[in-house]
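An overview of the molecular structure
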Amino acid sequence: MPARFSTIGVVGAGAWGTALANAAARAGREVVLWGRDAEAVEAMARSRTNPAHLPGVRLADSITLSASLAALSGCDAVLLVVPAQASREVAHALAPHLAAGTPVVTCAKGIERGTSLFMTQVLAEACPGATPAILSGPSFAADVAAGLPTAVTLAARDLGVAEGLATALGSSSFRLYHSDDVRGVEIGGAAKNVLAIAAGIVGGRQLGASAGAALIARGFAELMRFGKAFGARTETLTGLSGLGDLILTCSTAQSRNYALGLSLGRNEGLHPTGKLAEGALTAAVLVAMAQARGVDMPIARAVEAVLAGRSDIEQAIGSLLARPQKAEA
Ligand SMILES: NC(=O)C1=CN([C@@H]2O[C@H](COP(=O)(O)OP(=O)(O)OC[C@H]3O[C@@H](n4cnc5c(N)ncnc54)[C@H](O)[C@@H]3O)[C@@H](O)[C@H]2O)C=CC1
Ligand SMILES: O=C(CO)COP(=O)(O)O
(Lines give C-alpha, C1' and ligand atoms only; values in the text may rest on other atoms or scores of the structure.)
(Ligands and ions follow the chains in the order given, each with its own letter.)
Protein backbone atom coordinates (compact mmCIF):
# COMPACT_ATOMS: atom_id res chain seq x y z
CA MET A 1 0.00 0.00 0.00
CA PRO A 2 1.49 3.43 -0.90
CA ALA A 3 2.25 5.69 2.07
CA ARG A 4 -0.56 8.12 2.85
CA PHE A 5 1.93 10.98 2.96
CA SER A 6 4.40 10.31 0.17
CA THR A 7 5.76 13.83 -0.45
CA ILE A 8 6.85 15.84 2.57
CA GLY A 9 7.60 19.55 2.54
CA VAL A 10 10.04 20.96 5.06
CA VAL A 11 9.81 24.72 5.60
CA GLY A 12 12.99 26.06 7.16
CA ALA A 13 16.51 24.99 6.20
CA GLY A 14 18.18 25.45 9.58
CA ALA A 15 19.70 22.66 11.65
CA TRP A 16 16.44 20.96 12.57
CA GLY A 17 14.74 21.41 9.19
CA THR A 18 17.73 19.91 7.41
CA ALA A 19 17.95 16.99 9.84
CA LEU A 20 14.21 16.31 9.50
CA ALA A 21 14.43 16.48 5.70
CA ASN A 22 17.11 13.80 5.81
CA ALA A 23 15.05 11.74 8.28
CA ALA A 24 11.99 11.89 6.00
CA ALA A 25 14.13 10.91 3.03
CA ARG A 26 15.56 8.00 5.05
CA ALA A 27 11.96 6.92 5.72
CA GLY A 28 11.45 6.67 1.96
CA ARG A 29 9.62 9.95 1.31
CA GLU A 30 10.15 12.45 -1.49
CA VAL A 31 11.14 15.71 0.22
CA VAL A 32 10.99 19.38 -0.75
CA LEU A 33 13.17 21.52 1.54
CA TRP A 34 12.44 25.25 1.52
CA GLY A 35 14.80 27.97 2.74
CA ARG A 36 14.19 31.71 2.62
CA ASP A 37 17.64 32.70 1.38
CA ALA A 38 17.75 31.91 -2.36
CA GLU A 39 21.55 32.13 -2.58
CA ALA A 40 22.07 29.80 0.37
CA VAL A 41 19.48 27.37 -1.04
CA GLU A 42 21.26 27.34 -4.39
CA ALA A 43 24.59 26.66 -2.68
CA MET A 44 22.99 23.83 -0.68
CA ALA A 45 21.56 22.32 -3.86
CA ARG A 46 25.01 22.42 -5.49
CA SER A 47 27.06 21.14 -2.55
CA ARG A 48 24.33 18.86 -1.07
CA THR A 49 25.35 20.15 2.36
CA ASN A 50 24.22 22.84 4.80
CA PRO A 51 27.52 24.10 6.22
CA ALA A 52 25.96 27.08 8.02
CA HIS A 53 23.55 25.05 10.16
CA LEU A 54 24.43 21.36 9.97
CA PRO A 55 28.05 20.95 8.88
CA GLY A 56 29.32 17.56 7.84
CA VAL A 57 25.94 16.13 6.87
CA ARG A 58 25.17 15.13 3.29
CA LEU A 59 21.67 15.87 2.01
CA ALA A 60 19.83 12.79 0.77
CA ASP A 61 19.33 12.49 -2.99
CA SER A 62 15.52 12.52 -2.70
CA ILE A 63 15.56 16.07 -1.27
CA THR A 64 14.70 18.86 -3.71
CA LEU A 65 15.64 22.36 -2.60
CA SER A 66 13.69 25.54 -3.28
CA ALA A 67 13.44 29.13 -2.10
CA SER A 68 9.88 29.39 -3.42
CA LEU A 69 6.98 28.37 -1.20
CA ALA A 70 5.04 27.49 -4.36
CA ALA A 71 7.28 24.40 -4.60
CA LEU A 72 5.37 23.00 -1.61
CA SER A 73 2.03 23.01 -3.35
CA GLY A 74 2.14 19.28 -4.20
CA CYS A 75 3.14 18.14 -0.73
CA ASP A 76 0.94 15.73 1.24
CA ALA A 77 2.18 17.13 4.54
CA VAL A 78 4.49 19.96 5.59
CA LEU A 79 6.86 20.27 8.54
CA LEU A 80 7.18 23.89 9.72
CA VAL A 81 10.70 24.18 11.12
CA VAL A 82 11.41 27.86 11.70
CA PRO A 83 11.88 29.53 15.12
CA ALA A 84 8.74 29.87 17.23
CA GLN A 85 8.57 33.65 16.88
CA ALA A 86 8.81 33.42 13.06
CA SER A 87 6.20 30.67 12.75
CA ARG A 88 3.17 32.92 12.28
CA GLU A 89 4.76 34.94 9.47
CA VAL A 90 6.02 31.87 7.62
CA ALA A 91 2.80 29.85 8.10
CA HIS A 92 0.83 32.80 6.77
CA ALA A 93 2.99 32.96 3.64
CA LEU A 94 2.73 29.19 3.21
CA ALA A 95 -1.08 29.02 3.53
CA PRO A 96 -2.07 29.89 -0.06
CA HIS A 97 0.16 27.12 -1.44
CA LEU A 98 -1.45 24.22 0.43
CA ALA A 99 -4.45 22.07 -0.48
CA ALA A 100 -7.26 22.26 2.09
CA GLY A 101 -6.70 19.99 5.07
CA THR A 102 -2.97 19.40 4.45
CA PRO A 103 -1.32 18.50 7.76
CA VAL A 104 1.19 21.14 8.86
CA VAL A 105 3.42 19.86 11.64
CA THR A 106 5.08 22.54 13.72
CA CYS A 107 8.49 21.46 14.96
CA ALA A 108 9.29 24.67 16.86
CA LYS A 109 9.58 24.75 20.65
CA GLY A 110 8.21 27.94 22.10
CA ILE A 111 5.20 30.13 22.87
CA GLU A 112 4.38 33.18 20.75
CA ARG A 113 5.20 36.43 22.49
CA GLY A 114 2.51 39.08 22.40
CA THR A 115 -0.34 36.58 21.93
CA SER A 116 0.62 33.89 24.50
CA LEU A 117 -0.40 31.26 21.96
CA PHE A 118 1.03 27.76 21.68
CA MET A 119 2.49 26.74 18.32
CA THR A 120 -0.53 24.83 16.95
CA GLN A 121 -2.77 27.75 17.95
CA VAL A 122 -0.54 30.05 15.91
CA LEU A 123 -0.83 27.60 13.00
CA ALA A 124 -4.62 27.51 13.29
CA GLU A 125 -4.74 31.30 12.98
CA ALA A 126 -2.07 31.77 10.31
CA CYS A 127 -2.87 28.72 8.17
CA PRO A 128 -6.58 28.17 8.85
CA GLY A 129 -7.15 25.62 6.05
CA ALA A 130 -4.44 23.26 7.32
CA THR A 131 -4.62 20.43 9.85
CA PRO A 132 -2.28 21.42 12.70
CA ALA A 133 0.07 18.90 14.30
CA ILE A 134 3.24 19.01 16.40
CA LEU A 135 6.48 17.03 16.52
CA SER A 136 8.62 17.31 19.66
CA GLY A 137 10.89 15.27 21.86
CA PRO A 138 14.51 14.69 22.86
CA SER A 139 16.39 14.97 19.58
CA PHE A 140 19.42 17.03 18.67
CA ALA A 141 19.52 17.78 14.95
CA ALA A 142 23.07 16.45 14.71
CA ASP A 143 22.03 13.13 16.30
CA VAL A 144 19.04 12.69 13.99
CA ALA A 145 21.09 13.63 10.95
CA ALA A 146 23.79 11.14 11.92
CA GLY A 147 21.18 8.38 12.12
CA LEU A 148 21.74 7.85 15.86
CA PRO A 149 18.74 6.31 17.66
CA THR A 150 16.16 8.95 18.64
CA ALA A 151 12.50 8.89 19.66
CA VAL A 152 10.01 11.77 19.57
CA THR A 153 6.26 12.31 19.77
CA LEU A 154 4.00 13.47 16.95
CA ALA A 155 0.59 14.74 18.03
CA ALA A 156 -2.52 15.79 16.13
CA ARG A 157 -6.08 16.18 17.34
CA ASP A 158 -7.06 13.23 15.11
CA LEU A 159 -5.03 10.25 16.30
CA GLY A 160 -5.28 8.66 12.83
CA VAL A 161 -3.56 11.67 11.28
CA ALA A 162 -0.82 11.54 13.94
CA GLU A 163 -0.30 7.83 13.33
CA GLY A 164 -0.18 8.29 9.55
CA LEU A 165 2.40 11.04 9.84
CA ALA A 166 4.47 9.03 12.32
CA THR A 167 4.46 6.10 9.91
CA ALA A 168 5.49 8.32 6.99
CA LEU A 169 8.40 9.95 8.85
CA GLY A 170 9.65 7.18 11.12
CA SER A 171 12.48 4.71 10.60
CA SER A 172 14.37 2.31 12.83
CA SER A 173 16.69 5.10 13.98
CA PHE A 174 14.08 7.91 14.15
CA ARG A 175 11.15 6.48 16.09
CA LEU A 176 7.92 8.44 16.29
CA TYR A 177 5.24 7.79 18.88
CA HIS A 178 1.82 9.21 18.06
CA SER A 179 -0.54 11.05 20.37
CA ASP A 180 -3.66 13.20 20.33
CA ASP A 181 -2.49 15.32 23.28
CA VAL A 182 -1.37 18.26 21.16
CA ARG A 183 -1.32 20.68 24.09
CA GLY A 184 0.78 18.38 26.25
CA VAL A 185 3.40 17.95 23.53
CA GLU A 186 3.72 21.66 22.77
CA ILE A 187 3.96 22.64 26.44
CA GLY A 188 6.81 20.23 27.16
CA GLY A 189 8.99 21.58 24.35
CA ALA A 190 8.36 25.21 25.24
CA ALA A 191 8.89 24.92 28.99
CA LYS A 192 11.97 22.68 28.96
CA ASN A 193 13.99 25.27 27.05
CA VAL A 194 13.52 27.85 29.84
CA LEU A 195 14.40 25.30 32.52
CA ALA A 196 17.49 24.21 30.54
CA ILE A 197 18.88 27.74 30.87
CA ALA A 198 18.64 27.32 34.66
CA ALA A 199 20.41 23.94 34.40
CA GLY A 200 23.18 25.60 32.40
CA ILE A 201 23.55 28.28 35.08
CA VAL A 202 23.95 25.54 37.72
CA GLY A 203 26.64 23.97 35.52
CA GLY A 204 28.39 27.27 34.86
CA ARG A 205 28.47 28.10 38.60
CA GLN A 206 29.84 24.61 39.32
CA LEU A 207 27.17 23.95 41.94
CA GLY A 208 27.63 20.20 41.55
CA ALA A 209 25.86 17.21 40.02
CA SER A 210 23.50 16.92 43.00
CA ALA A 211 22.25 20.46 42.42
CA GLY A 212 21.87 19.67 38.72
CA ALA A 213 19.65 16.67 39.48
CA ALA A 214 17.60 18.67 41.99
CA LEU A 215 17.13 21.39 39.37
CA ILE A 216 15.80 18.87 36.84
CA ALA A 217 13.39 17.33 39.36
CA ARG A 218 12.09 20.65 40.69
CA GLY A 219 11.98 22.06 37.15
CA PHE A 220 9.91 19.08 36.11
CA ALA A 221 7.49 19.81 38.98
CA GLU A 222 7.06 23.30 37.45
CA LEU A 223 6.55 21.89 33.97
CA MET A 224 3.91 19.49 35.35
CA ARG A 225 2.05 22.24 37.21
CA PHE A 226 2.04 24.48 34.16
CA GLY A 227 1.02 21.64 31.85
CA LYS A 228 -1.87 20.52 34.02
CA ALA A 229 -3.12 24.11 34.35
CA PHE A 230 -3.23 24.37 30.55
CA GLY A 231 -4.89 21.02 29.88
CA ALA A 232 -1.95 18.68 29.20
CA ARG A 233 -2.14 15.02 30.16
CA THR A 234 0.19 13.68 32.85
CA GLU A 235 1.36 10.78 30.66
CA THR A 236 2.43 13.23 27.95
CA LEU A 237 4.32 15.44 30.39
CA THR A 238 6.14 12.39 31.80
CA GLY A 239 6.87 11.13 28.27
CA LEU A 240 9.35 11.91 25.51
CA SER A 241 8.25 15.48 24.76
CA GLY A 242 8.15 16.49 28.46
CA LEU A 243 10.45 14.74 30.89
CA GLY A 244 12.47 13.13 28.08
CA ASP A 245 13.36 16.43 26.44
CA LEU A 246 13.87 18.16 29.80
CA ILE A 247 16.48 15.58 30.78
CA LEU A 248 18.28 15.85 27.43
CA THR A 249 18.35 19.63 27.32
CA CYS A 250 19.35 20.02 30.99
CA SER A 251 22.27 17.60 30.64
CA THR A 252 24.67 18.84 28.01
CA ALA A 253 26.21 21.93 26.49
CA GLN A 254 25.23 20.46 23.11
CA SER A 255 21.92 22.18 23.92
CA ARG A 256 21.93 25.83 22.89
CA ASN A 257 19.69 26.70 25.83
CA TYR A 258 21.95 24.94 28.31
CA ALA A 259 24.97 26.59 26.65
CA LEU A 260 23.36 30.00 27.17
CA GLY A 261 22.86 29.22 30.87
CA LEU A 262 26.41 27.95 31.12
CA SER A 263 27.67 31.25 29.77
CA LEU A 264 25.49 33.23 32.19
CA GLY A 265 26.67 31.06 35.09
CA ARG A 266 30.30 31.75 34.17
CA ASN A 267 29.63 35.49 33.86
CA GLU A 268 30.46 35.29 30.16
CA GLY A 269 27.32 37.05 28.94
CA LEU A 270 24.09 36.43 27.14
CA HIS A 271 25.19 35.52 23.62
CA PRO A 272 27.75 32.75 23.88
CA THR A 273 27.21 31.12 20.50
CA GLY A 274 25.04 33.55 18.54
CA LYS A 275 22.78 30.54 17.99
CA LEU A 276 19.04 30.30 18.54
CA ALA A 277 18.11 29.69 22.21
CA GLU A 278 14.31 29.52 22.23
CA GLY A 279 14.11 29.51 26.04
CA ALA A 280 15.39 33.09 26.19
CA LEU A 281 12.50 34.16 23.95
CA THR A 282 9.86 32.08 25.75
CA ALA A 283 10.80 32.78 29.39
CA ALA A 284 8.79 35.99 29.84
CA VAL A 285 5.61 34.77 28.17
CA LEU A 286 5.79 31.42 30.00
CA VAL A 287 6.15 33.17 33.38
CA ALA A 288 3.34 35.63 32.58
CA MET A 289 1.00 32.80 31.55
CA ALA A 290 1.88 30.87 34.73
CA GLN A 291 1.25 33.91 36.91
CA ALA A 292 -2.09 34.58 35.23
CA ARG A 293 -3.23 31.04 36.14
CA GLY A 294 -1.70 31.05 39.64
CA VAL A 295 0.94 28.44 38.73
CA ASP A 296 4.09 28.67 40.84
CA MET A 297 7.25 28.46 38.69
CA PRO A 298 10.11 29.82 40.81
CA ILE A 299 12.90 28.44 38.60
CA ALA A 300 11.39 29.80 35.39
CA ARG A 301 10.77 33.11 37.19
CA ALA A 302 14.41 33.29 38.26
CA VAL A 303 15.57 32.63 34.68
CA GLU A 304 13.27 35.34 33.39
CA ALA A 305 14.52 37.84 35.98
CA VAL A 306 18.16 37.12 35.08
CA LEU A 307 17.49 37.42 31.33
CA ALA A 308 15.62 40.70 31.88
CA GLY A 309 18.50 42.07 33.96
CA ARG A 310 16.35 42.48 37.08
CA SER A 311 18.40 39.93 39.02
CA ASP A 312 21.99 38.79 38.98
CA ILE A 313 22.89 35.12 39.20
CA GLU A 314 23.78 35.21 42.92
CA GLN A 315 20.48 36.88 43.79
CA ALA A 316 18.56 34.35 41.67
CA ILE A 317 20.26 31.37 43.31
CA GLY A 318 19.89 32.97 46.75
CA SER A 319 16.18 33.55 46.30
CA LEU A 320 15.61 29.93 45.19
CA LEU A 321 17.56 28.54 48.17
CA ALA A 322 15.79 30.86 50.61
CA ARG A 323 12.33 29.64 49.69
CA PRO A 324 10.43 28.27 52.70
CA GLN A 325 10.58 24.51 53.20
CA LYS A 326 7.42 22.77 52.07
CA ALA A 327 5.96 19.39 51.25
CA GLU A 328 7.49 17.90 48.08
CA ALA A 329 4.18 17.31 46.28
N1 LIG B 1 18.38 22.08 16.39
C2 LIG B 1 17.78 21.13 17.11
O3 LIG B 1 18.46 20.18 17.57
C4 LIG B 1 16.31 21.16 17.35
C5 LIG B 1 15.57 22.31 17.15
N6 LIG B 1 14.24 22.32 17.41
C7 LIG B 1 13.43 23.52 17.23
O8 LIG B 1 13.35 23.83 15.84
C9 LIG B 1 13.18 25.24 15.66
C10 LIG B 1 14.21 25.71 14.63
O11 LIG B 1 15.47 25.47 15.21
P12 LIG B 1 16.79 25.21 14.35
O13 LIG B 1 16.50 24.68 13.02
O14 LIG B 1 17.70 24.44 15.21
O15 LIG B 1 17.33 26.69 14.25
P16 LIG B 1 18.41 27.27 13.23
O17 LIG B 1 18.85 28.55 13.81
O18 LIG B 1 19.42 26.23 12.91
O19 LIG B 1 17.56 27.52 11.89
C20 LIG B 1 16.47 28.37 11.85
C21 LIG B 1 16.09 28.53 10.40
O22 LIG B 1 14.92 29.31 10.33
C23 LIG B 1 15.13 30.35 9.37
N24 LIG B 1 14.35 31.52 9.74
C25 LIG B 1 14.47 32.29 10.82
N26 LIG B 1 13.58 33.29 10.80
C27 LIG B 1 12.86 33.12 9.66
C28 LIG B 1 11.82 33.83 9.06
N29 LIG B 1 11.30 34.92 9.62
N30 LIG B 1 11.35 33.39 7.88
C31 LIG B 1 11.86 32.30 7.30
N32 LIG B 1 12.85 31.56 7.82
C33 LIG B 1 13.35 31.99 8.99
C34 LIG B 1 16.62 30.63 9.40
O35 LIG B 1 17.04 31.22 8.20
C36 LIG B 1 17.18 29.23 9.58
O37 LIG B 1 17.32 28.58 8.36
C38 LIG B 1 13.33 25.88 17.06
O39 LIG B 1 12.07 26.17 17.60
C40 LIG B 1 14.01 24.78 17.87
O41 LIG B 1 13.68 24.83 19.24
C42 LIG B 1 13.60 21.21 17.86
C43 LIG B 1 14.29 20.04 18.05
C44 LIG B 1 15.71 19.93 17.81
O1 LIG C 1 15.20 20.75 21.48
C2 LIG C 1 16.30 20.28 21.38
C3 LIG C 1 16.60 18.87 21.64
O4 LIG C 1 15.45 18.12 21.84
C5 LIG C 1 17.43 21.16 21.01
O6 LIG C 1 17.77 21.87 22.13
P7 LIG C 1 18.46 23.32 22.00
O8 LIG C 1 17.52 24.17 21.20
O9 LIG C 1 18.62 23.77 23.42
O10 LIG C 1 19.77 23.10 21.30
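Nothing here was measured: the structure is a model prediction, and the numbers come from that model.

This brings us to the site of ligand 1. The environment of ligand 1 is made up of 21 residues, and the closest members are Ala15, Trp16, Ala141, Arg256 and Glu278. Interatomic distance of 3.2 Å between a side-chain N/O atom of histidine 53 and an oxygen atom of ligand 1. Alanine 141 places a main-chain nitrogen or oxygen 2.8 Å from an oxygen atom of ligand 1. In the complex, the protein chains occlude 85% of the 830 Å² of accessible area that ligand 1 would expose alone. Considering only residue class, the shell around ligand 1 consists of 13 nonpolar, three polar and five charged. Inspection of the shell around ligand 1 shows a minimum of three residues originating in each of domain 1 (7–180) and domain 2 (190–322).

Summarizing the sequence annotation, UniProt attributes the feature "active site" (unreviewed entry) to Lys192 in the numbering used throughout. When sequence neighbours within four positions are dropped, the list of residues in contact with lysine 192 reads Lys109, Leu223, Asp245, Leu246 and Thr249.

Across the ten residues that make up helix α11 (residues 256–265), a large majority, nine, are buried. Buried within α11 are the following residues: Asn257, Tyr258, Ala259, Leu260, Gly261, Leu262, Ser263, Leu264 and Gly265. Packed against the buried residues of α11 are α7 (182–204), α10 (240–249), α12 (278–292), α13 (298–307) and α14 (313–321). A positive backbone phi angle near 60° is found at asparagine 267, which sits one or two residues after α11.

Okay, the site of ligand 2 next. The full set of residues close to ligand 2 is Lys109, Gly137, Pro138, Ser139, Phe140, Lys192, Asp245, Leu248, Thr249, Ser255, Arg256 and Asn257. Contacts to ligand 2 include serine 255, whose side-chain N or O atom sits 2.7 Å from an oxygen atom. Surface burial for ligand 2 is 92%, taken as the share of its 300 Å² of free accessible area covered by protein chains. Elements with a contribution of two residues or more to the shell around ligand 2: α10 and α11.

Attention now moves to the confidence of the model for the protein. Averaged over all residues, the pLDDT of the protein equals 96, while 99% of them reach at least 70. For this predicted complex, the interface confidence reaches an ipTM of 0.99, while the overall pTM sits at 0.97.

Structural remark: α-helix, 3.6 residues per turn; residues separated by three or four positions point the same way. Along α10, the positions that sit buried rather than exposed are Ser241, Gly242, Asp245, Leu246 and Thr249. Projected onto a plane normal to the axis of α10, the buried residues spread over an arc of 110° and lie on a single side.

For the protein, the assigned domains read domain 1 (7–180) and domain 2 (190–322). Tallying the contact residues gives 22 residues for domain 1 and 21 residues for domain 2. Across the domain 1/domain 2 interface, buried area totals approximately 1,800 Å², and carbon plus sulfur atoms make up 65% of it. The largest share of the area that domain 1 buries against domain 2 comes from Lys109, Ile111 and Phe140, three residues that together contribute 35% of it. With a closest N to O distance of 2.6 Å, lysine 109 and aspartate 245 form a salt bridge. Counting every contact that joins domain 1 to domain 2 gives four residue pairs in polar contact (both at pLDDT 80 or more). When residues of the side of domain 1 that touches domain 2 are traced back to their parent elements, those giving at least two are β8 (111–112), α5 (141–145) and β11 (150–156). Per element, the largest residue contribution to the side of domain 1 that touches domain 2 is three residues, and it comes from β11. The residue makeup of the side of domain 1 that touches domain 2, split by class, is ten nonpolar, seven polar and five charged.

Conventions we followed
Residues numbered from 1 in each chain as written. Chains lettered and ligands numbered in written order. Predicted model: local features only at pLDDT ≥ 70, side-chain atom pairs only at ≥ 80, totals over all residues. Heavy atoms only, no water. Near = heavy atom within 4 Å. Polar contact = N/O pair within 3.5 Å; in protein donor to acceptor, adjacent residues only side chain to side chain. Areas by Shrake-Rupley, 256 points an atom, 1.4 Å probe, with all protein chains shown as cover. Nonpolar A, V, L, I, M, F, W, Y, C, P; charged D, E, K, R; others polar. Domains from an automatic or database assignment. UniProt positions renumbered as here; feature names shortened; annotations may be inferred. Contact = heavy atoms within 4.5 Å. Buried < 20%, exposed > 50% of the residue type's maximum accessible area, 1.4 Å probe, protein only. Helix = DSSP H or I, 4+ residues; strand = E, 2+ residues; numbered from the N terminus. pLDDT = per-residue confidence, 0-100. Arc of directions from axis to C-beta. Buried area = accessible area lost by both parts, 1.4 Å probe. Salt bridge = Lys/Arg side-chain N within 4 Å of Asp/Glu carboxyl O.

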